[in-house]
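Here is what each chain is made of, one letter per residue.
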Amino acid sequence: MFKNLTLSLLVVFVQSIACFGQEKFWISNEDRYLITVDLPAPDYCSEWINQCSYRLDTKTQSLLHELDIDFSPVHQFTPTSSNETYPTLGFALEQVESKAFIDRGLTGKGVKIGIIDGGFLGAKEDPSLKHFFDKNLVKYYKDYITPNMEEYGGAIGLDDNHGTEVWQAIGGFHPSKNILYGLATESEYYLARTDHGAYEKRIEEDFLIKALEDMAKMNIKLINISLGYNLGFNDPKENYEKADMDGKTSALAKAVDHGALKKGMLIVVAAGNEGMDKWETLSTPGDARHALTVGSSKYEIWDKMNYSSIGPEFTDFVKPDVSVYSTMGTSYSTPIVTGMAACIWQLNPQLTNFEIIEIFKKAGNFYPFPNNYLGYGVPSCPKLLSILEGEEQLAPETIRTSKDHVKIDIQDSVRYIVAFHKKDERNVSSRVVYKSNDRNVKVKKMEDAHQTSVLVGKSIVEIIWE
């Protein structure tokens, strides 16, 4: 199981997020002409969706209900003061520009989300999760490890609040503090505790698979797994080898792929936090070919967090698939993506799990040049919407050269750039940071480099050495 990196970092994360609600609603232009009451001037009119957003008081809302006019909320939270401000989002939600989803009124409504984790200690008393219980959106809870323990119980010393924190990052909202943790605030939730913080045994993998199978029977299509297994088992004989992280050896990887292929499940899995350890490679089931595996990126320049695990070089597919900002481990990058996926499925329920994975890849800032450090990179909500709407995407700059160096032009705001030198199309052989002292930086070819992805802020320049 992935542990918190530091408790202090969690406090910083919590304090950095604020969301201020608004009484705004979308009304279609066709319905607008049927309304016999005066409406205020619209805040914004969209040509794409043929709707305008309005700030409506309670009386006007009631009148529209009587006229049977359909109007959908731009945002579902109630303001706590008369000084309305657009939501201030946490770093991860800000990085992925979740404002684009909020403006569409996307909340994951109608989407079932399964969370398989290590415990949900205190979830029922957590103010940021209270709306799920109040609205009867918690549909299932099962403790596979200690079934006789009280619901939402455990010990914080055993990390039994890990699942609670993951749940917050998928769709939590703290009303009195106006703190928004995740996007899927109106999804239905199904909770499974399958991991025990006091030990590491293969039986936990059995429980995880059983939970997956149970959720498939309940027709749950979206699953978050912020768990991973490689070393550290109580019995060292149960430890994995790096070669086992091939997507087809562990029972967990096989189960995840079966759920994806046969049951249509979108299973979002944390890559792991061993990037700075001797192990380095991601954990299972993050190695499953058909999982949507999530690594962790930095915030301003979308480089890899040092701790974030690296995908194996010996597979014929790239892992991780995408990456999102987190200072606390890939456990907390993963639920951000799960919340985004719930919003996508709300917007278009006809999409398959594989179509959503492909959309996430195309929305990544490294697309179409992934690597085993960050996958396809950071997906943003505006880009996800753009792809969903069929808009043509701009390809990154590509330079083919027979020289031993390339000069990359940079802007004043970019303090440094990162070159991912790759021995082939995706496997990184070395990562080099170049500090910016001028308008350009000279990137030199490494001896074994076939291609180099140069990260300049959020964008990349792909160099193909000929």
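Residues numbered from 1 in each chain as written. Predicted model: local features only at pLDDT ≥ 70, side-chain atom pairs only at ≥ 80, totals over all residues. Heavy atoms only, no water.

A.B. asks: Honestly, helix H3 (residues 58–66) in this entry has me stumped. Any pointers?
C.D. replies: Each α-helix winds once per 3.6 residues, and so residues spaced three or four apart point in a common direction. All of the buried residues along H3 are Thr 60, Gln 61 and Leu 64. Down the axis of H3, the smallest arc covering the buried residues is 100 degrees, so these residues share one side. Away from the buried face of H3 by more than 90 degrees, exposed residues Thr 58, Lys 59, His 65 and Glu 66 are located. Structurally, H3 contributes buried residues whose contacts are with strand E1 (24–28). (Buried < 20%, exposed > 50% of the residue type's maximum accessible area, 1.4 Å probe, protein only. Helix = DSSP H or I, 4+ residues; strand = E, 2+ residues; numbered from the N terminus. Arc of directions from axis to C-beta. Contact = heavy atoms within 4.5 Å.)

A.B. asks: Please explain the pairing of strand E15 (residues 405–409) as it appears in this structure.
C.D. replies: Along any regular strand, the residues point their side chains to alternate faces of the sheet. Covered by surrounding structure in E15 are Val 406 and Ile 408 only, the residues His 405, Lys 407 and Asp 409 on the alternate face being uncovered. With five bridges joining them, E15 and strand E18 (residues 440–444) adopt antiparallel strand pairing. The partner of Asp 409 across the bridge, within E18, is Asn 440. (Pairing = 2+ DSSP bridges.)

A.B. asks: Mind showing me how you'd approach the state of the cysteines here?
C.D. replies: Throughout this description, disulfide means a covalent bond between two cysteine sulfur atoms. In total, this model carries zero disulfides according to the counting rule given. We note that Cys 343 lacks a disulfide partner, and the nearest cysteine sulfur, in Cys 381, lies 7.3 Å from it. Classification of Cys 381 as buried rests on a relative accessible area of 0%. (Disulfide = S-S within 2.5 Å.)

A.B. asks: It is not clear to me how the packing of helix H11 (residues 353–363) against helix H12 (residues 381–388) should be interpreted in this structure. Could you clarify?
C.D. replies: Pairs of packed helices are described in terms of their axes, by the angle between the two and the distance that separates them. Two elements in contact, H11 and H12, have axes separated by 9 Å at closest approach and are oriented at 125 degrees. Classed by the angle they form, the pair H11 and H12 counts as oblique. H12 is crossed by H11, and the crossing has right-handed handedness. Contacts between H11 and H12 involve Ile 359, Phe 360, Lys 362 and Ala 363 from the first element and Lys 383, Leu 384, Ile 387 and Leu 388 from the second. The residue makeup of the contact of H11 with H12, split by class, is six nonpolar, no polar and two charged. (Axes fitted to C-alpha atoms, helices over the stretch in contact; angles between N-to-C directions. Parallel < 35°, antiparallel > 145°, perpendicular 65-115°, else oblique. Left-handed = near helix turned anticlockwise from the far one by under 90°. Nonpolar A, V, L, I, M, F, W, Y, C, P; charged D, E, K, R; others polar.)

A.B. asks: Can you help me understand the sheet that holds strand E11 (residues 266–270) in this one?
C.D. replies: Note on sheets: strands pair through backbone hydrogen bonds, and any given pair is parallel or antiparallel. Ordered in space as E6-E9-E5-E10-E11-E12-E13, the seven strands form an open sheet in which the pairing is parallel. Looking at the sheet topology across the chains shown, the edges are occupied by strand E6 (138–143) and strand E13 (322–325). Going across the sheet, the axis of each strand differs from the next one's by a mean of 20 degrees, ignoring polarity. Bridge analysis of strand E12 (residues 292–297) against E13 gives four bridges, and the strand direction is parallel. The partner of Ser 296 across the bridge, within E13, is Val 324. Relative to the sheet, helix H7 (residues 162–171) contacts strand E5 (112–117), E6, strand E9 (188–193) and strand E10 (222–225), its axis offset from that of E5 by approximately 150 degrees.

A.B. asks: Sorry, what's going on with unusual backbone geometry here?
C.D. replies: What you tend to see is this: most non-glycine residues have negative phi, and most peptide bonds are trans. Note the cis peptide between Thr 284 and Pro 285, where omega equals 15 degrees. Residue position: Pro 285 is located in the loop between E11 and E12. The phi angle at Asp 159 is positive, at roughly 65 degrees, despite the residue not being glycine. Within the element layout of this structure, Asp 159 appears in the loop between E6 and H7. Classification of Asp 159 as buried rests on a relative accessible area of 10%.

A.B. asks: Mind showing me how you'd approach the side chain of Gln 451 here?
C.D. replies: Along the chain, the position of Gln 451 falls in strand E19 (residues 451–456). Only 2.7 Å separates the side chain of Gln 451 from the side chain of Glu 462, close enough to count as a polar contact. Filtering out sequence-adjacent residues up to four positions away, Gln 451 remains in contact with Phe 369, Phe 420, His 421, Lys 422, Asp 424, Glu 425, Glu 462, Ile 463, Ile 464 and Trp 465. (Polar contact = N/O pair within 3.5 Å; in protein donor to acceptor, adjacent residues only side chain to side chain.)

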